[in-house]
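In case you want the letters, here they are:
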Amino acid sequence: MTERRRFEVIIVGGGIAGASLAYFLTERGVTDVLLLEREPQPGYHATGRSAATLSELDVVATWRELKVLGARFLRHPPPGFAETPLVVPSGVMLLFREPEWSALRQAAPAIEQAGIRLVLLSPAEAVARVPVLLVERFAGAALVPDDGHIDVHALLWGYLGHARRRGVEQRFGVEVRGVRVEAGRCTGVLTADGELAARWVVNAAGAWAGRVGVLAGAAPIALVPHRRTIVTFAAPVDVRGWPLVQSDADRLYFAPESGGLLLSPMDEEPMEPCDARPDDEVIARGFARLATLAPSLVPQTLRRRWSGLRTFAPDRVPVVGEDPRVRGFFWLAGQGGCGIETSGALGPIAADLIVEGRTERFDARTLSPARFGGA
């Protein structure tokens, strides 16, 4: 059977961003959609290498709002969307030093008003929950008890499976090598197998989104991938029941994982799009910082190590909307490591903008690629 060559929407990228958009487009009745992924399987890069945590308490207000929106979908997906819960409320506990601790306590009522349930803890109360922490290393902690581990596999395949059953075509192992633009409007993409036509081309290419933008001659947005590393190791004590513990001051977080512990040194090394690999020195420095916060956790050996790429726009806010220079070219990029937890927000926002040109869910101007100029 001859493959179809023309679609209403072509989505470039089969990670969580592209998958969620495909699903939410079908929710809006748009099923003439083709999703392309250059890897042989979906979710290979950032999506498949995430620590998979819903953590709504974010210093960037835009992200905090998007996470609250996304959390509603994760906690209450449509009936039949997945066979298992999408998020387990294992808790996220963030440690603060001064003056950030005083600032958080002052902001706490407004944060709770926005929909995030907070439990403010003294250092002693935090140590009672996670006894390995050194009490003198922080001024207080904020526990978000309703946040926790996301089942990324169930979420990704829920999006893809429902989209496919509703008519979305998905092709893997297909790399977009060019974007066709005629008279200032995007009309399709070029692949090794030829040209594919579409009324909309969506750039959901993750770390490669900047390069796809260049192919289209779109507004120049400085999207930069940054490496983030995760390791797992045996736990010296029973860690069941612990929340994820994050300390921005110590630049690390750790959480229970398969009977042991998962830790990230929260590295942010800018690099070109690639199949990211861990750096031993980065891991060693992370454990050196862990030794000052929870010295009994520092392991002698590791079970696993891996890295992924988190891609940021210059202002660290996602880029969602039609390009100001090339009509029909739509950005869904720059999720900065928050794409999984916000997919239930950014997916429907993007679907609204494609279908209706506007959305009531969020102030689209804060996300628009036009904020960088380039028209």
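For the structure itself, look to the data block above.
Given the structure is predicted, the values throughout are model-derived calculations rather than measurements.

Cut-off values and rules
Residues numbered from 1 in each chain as written. Predicted model: local features only at pLDDT ≥ 70, side-chain atom pairs only at ≥ 80, totals over all residues. Heavy atoms only, no water. Helix = DSSP H or I, 4+ residues; strand = E, 2+ residues; numbered from the N terminus. Buried < 20%, exposed > 50% of the residue type's maximum accessible area, 1.4 Å probe, protein only. Contact = heavy atoms within 4.5 Å. Lys, Arg positive; Asp, Glu negative; His and termini not counted. Charge placed at Lys NZ, Arg CZ, Asp CG, Glu CD. Pairing = 2+ DSSP bridges. Arc of directions from axis to C-beta. Salt bridge = Lys/Arg side-chain N within 4 Å of Asp/Glu carboxyl O. Phe/Tyr/Trp six-rings, centres within 6.5 Å; stacked < 30°, edge-to-face > 60°. Axes fitted to C-alpha atoms, helices over the stretch in contact; angles between N-to-C directions. Parallel < 35°, antiparallel > 145°, perpendicular 65-115°, else oblique. Left-handed = near helix turned anticlockwise from the far one by under 90°. Nonpolar A, V, L, I, M, F, W, Y, C, P; charged D, E, K, R; others polar. Expected span 1.5 Å × (residues − 1).

This part is about the overall build of the protein chain. Broken down by element type, the protein chain carries 8 helices and 20 strands. Dimensions of the protein chain, computed from C-alpha atoms along their principal axes, come out at roughly 65 × 45 × 40 Å. Per-residue burial over the protein chain gives 55% buried out of 375 residues. Considering only intrachain contacts with a sequence separation of at least 6, the fraction spanning at least 24 residues in the protein chain is 75%. Where the 42 positive side-chain charges of the protein chain centre and where its 43 negative ones centre are 2 Å apart.

Turning next to the sheet that holds strand S8 (residues 148–150). Read across the sheet, 3 strands follow the order S3-S8-S4 without closing on themselves; strand pairing throughout is antiparallel. Single-partner strands in this sheet number two, and they are strand S3 (53–54) and strand S4 (87–88).

Of the positions making up helix H6 (residues 209–216), those classed as buried are Ala209, Val212, Gly213 and Ala216. Buried residues along H6 cover an arc of 105° about the axis, so they all sit on one side. Contacts from the buried residues of H6 go to strand S1 (6–12), strand S10 (176–182), strand S12 (194–203) and strand S20 (329–333). A positive phi of about 65° marks Gly217, the residue just after H6.

Once that is clear, we can look at the pattern of salt bridges. Under the definition given, this model contains 32 salt bridges. Arg358 serves as the salt-bridge partner of Glu360, at 2.7 Å between the closest nitrogen and oxygen. Relative accessible area serves as the criterion here: at 68%, Glu360 is assigned to the exposed category. The exposure class assigned to Arg358 is partly exposed, which follows from its relative accessible area of 47%. Connected through shared salt-bridge partners, Arg28, Asp352, Glu356, Arg358, Glu360 and Arg361 make up one network.

For the rest of this paragraph, the subject is the environment of Val231. Within the element layout of this structure, Val231 appears in strand S13 (residues 224–233). In sequence terms Val231 and Ser307 are 76 residues apart; their C-alpha atoms lie 8.7 Å from each other. Those residues in contact with Val231 that lie beyond four places of it in its chain are Leu261, Leu262, Leu263, Ile283, Phe287, Leu302, Arg304 and Arg305.

Following the criterion strictly, the structure yields 14 aromatic pairs and no others. Each ring, one from Phe24 and one from Phe73, has its centre 5.4 Å from the other, and the planes form 65°; the classification is edge-to-face. Here Phe24 is found in helix H1 (residues 16–27), whereas its partner Phe73 is found in helix H2 (residues 61–75), with 49 residues between them in sequence. Ring geometry for Phe233 and Phe287: centres 5.6 Å apart, planes at 75°, overall edge-to-face. Residue Phe233 is found in strand S13, and its partner Phe287 is found in helix H7 (residues 280–293); the two are separated by 54 residues along the sequence.

The next subject is the packing of H1 against helix H5 (residues 152–165). Running from N to C, H1 and H5 cross one another at 40°; their axes reach a closest spacing of 8 Å. Viewed along their axes, H1 and H5 adopt a mutual orientation that is oblique. In this structure, H1 crosses over H5, and the sense of that crossing is left-handed. Within the contact between the two elements, H1 uses Ile16, Ala19, Ser20, Ala22, Tyr23, Phe24 and Thr26 and H5 uses Leu155, Leu156, Tyr159, Leu160, His162 and Ala163. Taken together, the residues that form the contact of H1 with H5 break down as 10 nonpolar, 3 polar and no charged.

Moving on: the packing of H1 against helix H8 (residues 343–356). Where H1 contacts H8, the two axes come as close as 8 Å, and the packing angle between them is 55°. Taken as axis vectors, H1 and H8 run oblique relative to one another. For H1 against H8, the interelement crossing comes out right-handed. Residues Ile16, Ser20, Leu21, Phe24 and Leu25 of H1 form the contact with H8, whose participating residues are Ser343, Gly344, Gly347, Pro348, Ala350, Ala351, Ile354 and Val355. When the residues that make up the contact of H1 with H8 are grouped by side-chain class, the tally is 9 nonpolar, 4 polar and no charged.

With 14 residues, H5 should reach 20 Å at 1.5 Å per residue; the first-to-last C-alpha distance of 20 Å fits that figure. The buried count for H5 comes to 10 of 14 residues, which makes it a mostly enclosed element. Regarding H5, the residues found buried are Val152, Ala154, Leu155, Leu156, Gly158, Tyr159, Leu160, Gly161, His162 and Ala163. Along its buried surface, H5 packs onto H1, strand S2 (33–37), H2, S8, strand S9 (169–172) and H8. Once H5 finishes, Gly167 follows within two positions and takes phi at roughly 115°, a positive value.

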